[in-house]
Structure formats: C-alpha cells, structure tokens
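One letter stands for each residue in the lines below.
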Amino acid sequence: MSRQAEEEDMIHEEQNDTESASMYSTAITAGKIILASTLLISAISSSMGVNPFPVADANVLGDGSDHRRLSTASESVPTYMKNLIDDLKERTKLMEETPP
C-alpha cells in the first residue's frame, strides 16, 4: 500500500472511532435525561400528593379485612406488648379526661 492509502485508512478509522464515541455519548445523555425527567415527575407528583406510579394496594383491591390492626386485635395481644397496650389505654383515658 502506498503512503496515501495508509493515511486514508487511518483517517477512516479515526472517524469510525469518533462516531462510535459520539453514539455512546448520545446514549448516555439520553439515559440521563430520561432518569432526570422520571425523578422530576415523581418529585412533583409527591409534592402534590399524587402517586405517578400506582402500586396494587390491598384497600383498592379488596376490603382490607386481611390486614390486622392493633385496635381490632387487642384481644390477642402478645405478652410482650401487654404493658404497652395498658400504657396506651391510660394515656387515651388521660387525654379524654383532660380539658382542652
């Protein structure tokens, strides 16, 4: 090969390298923009009290009867929580009896 042909091959290789680096850079930039816009939408929606990405909720799907609440499960309180429940009852009674 002649010197001129070698130089042309080197120029084409450099151009291909530059193009692939440019495509990689563009892909990274596009990913960052998508991530930033998703976070922005999520932040705005959270501040407005709206869930932009709804997740299946037991209260939406059913009556929620399969979830236990402490107020409905007070008869079957574990022994280690008995003192806490008694304290809660005393505090509730105190708050009801105390004038505003």
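Residues numbered from 1 in each chain as written. Predicted model: local features only at pLDDT ≥ 70, side-chain atom pairs only at ≥ 80, totals over all residues. Heavy atoms only, no water.

1. Observations concerning the overall build of the chain
And then number 1: A count of helical and extended segments in the chain gives three helices and zero strands.
And then number 2: Ordered by position from N to C terminus, the α and β elements of the chain give α-α-α.
And then number 3: The buried share of the chain, taken over its 100 residues, is 4%.
And then number 4: Taken as a whole, the chain presents about 9400 Å² of accessible surface, with 59% of it coming from carbon and sulfur. (Helix = DSSP H or I, 4+ residues; strand = E, 2+ residues; numbered from the N terminus. Buried < 20%, exposed > 50% of the residue type's maximum accessible area, 1.4 Å probe, protein only. Areas by Shrake-Rupley, 256 points an atom, 1.4 Å probe, with all protein chains shown as cover.)

2. Describing a nonpolar patch on the surface
And then number 1: On the surface, a cluster of nonpolar side chains totalling about 320 Å² of accessible area is made up of L40, I44 and M48.
And then number 2: As for its position among the elements, L40 is in helix α1 (residues 3-48). (Patch = residues over 30% accessible without salt bridge, like charges linked within 9 Å, V, L, I, M, F, W, Y side chains within 5 Å. Salt bridge = Lys/Arg side-chain N within 4 Å of Asp/Glu carboxyl O.)

3. Let's talk about a negative patch on the surface
And then number 1: A cluster of like negative charges, contributed by E6, E8, D9 and E13, occupies part of the molecular surface.
And then number 2: Note on placement: E8 falls in helix α1. (Lys, Arg positive; Asp, Glu negative; His and termini not counted. Charge placed at Lys NZ, Arg CZ, Asp CG, Glu CD.)

4. Focus on the pattern of salt bridges
Pairing of side chains with opposite charge becomes possible as their charged atoms draw close.
And then number 1: Under the defined criterion, the tally for this structure stands at two salt bridges.
And then number 2: In this structure, K82 engages D86 in a salt bridge whose closest nitrogen and oxygen atoms are separated by 3.9 Å. Taken together, the positions of K82 and D86, both in helix α3 (residues 82-97) and four residues apart, correspond to about one turn of that helix.
And then number 3: Look at K82 and you get partly exposed, because its relative accessible area is 49%.
And then number 4: For D86, a relative accessible area of 29% corresponds to the partly exposed category.
And then number 5: Across the pair D87 and R91 runs a salt bridge whose closest N-O atoms are separated by 2.9 Å. A residue pair is termed a helical-turn pair when its members lie 3 or 4 positions apart in one helix, as D87 and R91 do in helix α3 at four residues.

5. So, the side chain of S45
And then number 1: Following the sequence through the fold, S45 ends up in helix α1.
And then number 2: Take S45: its relative accessible area is 12%, and that puts it in the buried class.
And then number 3: At 2.9 Å, the side chain of S45 and the backbone oxygen of I41 are in polar contact. (Polar contact = N/O pair within 3.5 Å; in protein donor to acceptor, adjacent residues only side chain to side chain.)

6. Remarks on the confidence of the model for the chain
And then number 1: On average, residues of the chain score 76 in pLDDT, and 69% of them are at 70 or above.
And then number 2: The spread of mean pLDDT over the elements of the chain runs between helix α2 (residues 58-61), the lowest at 50, and α3, the highest at 92. (pLDDT = per-residue confidence, 0-100.)

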